Structures are given as C-alpha cells and as structure tokens.
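# Coordinates in review
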Amino acid sequence: QVQLVESGGGLVQPGDSLRLSCAASGRTFSSYAMGWFRQAPGKEREFVAAIRRNGGSTRYSDSVQGRFTISRDNAKNTVSLQMNSLKPEDTAVYYCAADGSTRYQPSTRSMTYDYWGQGTQVTVSS
C-alpha cells in the first residue's frame, strides 16, 4: 500500500514556473515507477510525465517535453515535477501516481498505475 500526497500547486501567470511535489508513504517507494497526470475541466485525465523506479529513464508527453522535468529522491520518498514556461493550457488538477509493475519503461497509461494522490490544482492565467 502506498499513500501519495501532492503539494505545490497554485495560481501563476503564463511563462512562470512551478514545482509540484508528491510525498509517498511506505518503505518500498523505490519499487514503484512514478507518474504525473493531469485533468482539466471537461477533459479526460492525460499523461504528463513518468520516471522509472531508479530514476534512470523518464518519459514526457509531447505537450510538456522540454518544459517540464520529472525527478525523484528515493531516500526521501518523493517525486517532483518542475514546470517551466507555463501556459494557460497547462491549467488542470495534477495527480501523482505509483505503478508497482516491473515493466522496464515507465508507463504512460493511467490504467497501469495502482495508487493515486488526491491532486493539486495548477492554474495558469494572466
């Protein structure tokens, strides 16, 4: 069982940066690939970024590639999402998720993730 708690959301202007964090409970955090997803009003949840268990591989959606960076600290049981050059279309509730499978590459599919946080709101508006 893993419990995930996101933090760091807020209201920012276009072009600003924001850093989201996700704190995980439990002693087996390093056994999980971690992902960030987001859901805007009226839209389906979409993949944002994911990182392998040891942090050695990352994946990004095309819409955030080059602007967002996912990282993890297994000693502190945390995963972070650094978001730069934010755009109004980045506005959404952001969720972190944990995938306990042993696949080599971190998954981009929400159905493969076993545990989810409650989400944190990110609003990009002038």
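Quick look at the structure, then. (Residues numbered from 1 in each chain as written. Predicted model: local features only at pLDDT ≥ 70, side-chain atom pairs only at ≥ 80, totals over all residues. Heavy atoms only, no water.)

### Here's the deal with the nonpolar core
Test applied: What we call a nonpolar core is a set of buried Ala, Val, Leu, Ile, Met, Phe, Trp, Tyr and Cys residues that are connected through their side-chain atoms within 4.5 Å. Think of it in three bands: with a 1.4 Å probe and only protein chains considered, a residue is buried below 20% of the maximum accessible area for its type, exposed above 50%, and partly exposed in between. Helix and strand definitions follow DSSP, with helices as H or I runs of at least four residues and strands as E runs of at least two, each counted in order from the N terminus. When checking whether two residues touch, look at their non-hydrogen atoms; a contact exists if any pair is within 4.5 Å.
Ranked by size, the top nonpolar core spans 29 residues in total, and within it Met34, Trp36, Leu81, Met83 and Tyr94 carry the most contacts. When residues of this core are traced back to their parent elements, those giving at least two are strand 3 (18-24), strand 4 (33-39), strand 5 (46-51), strand 7 (68-73), strand 8 (78-83), strand 9 (92-99) and strand 11 (120-124). Sequence-distant contacts of Met83, that is, excluding residues within four places in its chain, are made with Asp16, Ser17, Leu18, Leu20, Arg67, Phe68, Tyr94 and Val122. Core analysis: the next-biggest nonpolar cluster, separate from the first, contains 5 residues, Phe37, Phe47, Ala50 and Ala97 among them.

### Topic: the pairing of strand 4
For clarity, the cut-off: A pair of strands counts as paired when DSSP detects no fewer than two bridges linking them.
Of all 7 residues that make up strand 4, 6 are buried, and the element is covered over most of its length. With 7 bridges connecting them, strand 4 and strand 9 associate as antiparallel partners. Its bridge partner being in strand 9, Gln39 is matched across the sheet by Val93. Pairing geometry for strand 4 and strand 5, over 5 bridges, is antiparallel. Bridge pairing in strand 5 places Met34 opposite Ile51. Here strand 4 folds back onto strand 5 in antiparallel fashion, the turn holding 6 residues, of which Gly42 has a positive phi close to 80 degrees.

### Details of the side chain of Arg52
Mapping Arg52 onto the fold places it in the loop between strand 5 and strand 6 (58-60). Ignoring any residue separated from it by four or fewer positions in sequence, one finds Arg52 in contact with Ala33, Ser57, Arg72, Tyr104 and Pro106.

### Description of the sheet that holds strand 8
What counts here: Fitted lines through C-alpha atoms serve as axes, helices being fitted only where they are in contact, and the angles separating the N-to-C directions of these axes extend from 0 to 180 degrees.
Spatially, 1-3-8-7 is the arrangement adopted by the 4 strands of the open sheet, whose pairing is antiparallel. In this open sheet, the two edge strands, each paired with only one partner strand, are strand 1 (4-7) and strand 7. Going across the sheet, the axis of each strand differs from the next one's by a mean of 15 degrees, ignoring polarity. Summarising the sheet, strand 1 and strand 3 pair through 4 bridges and their orientation is antiparallel. Its bridge partner being in strand 3, Glu6 is matched across the sheet by Cys22.

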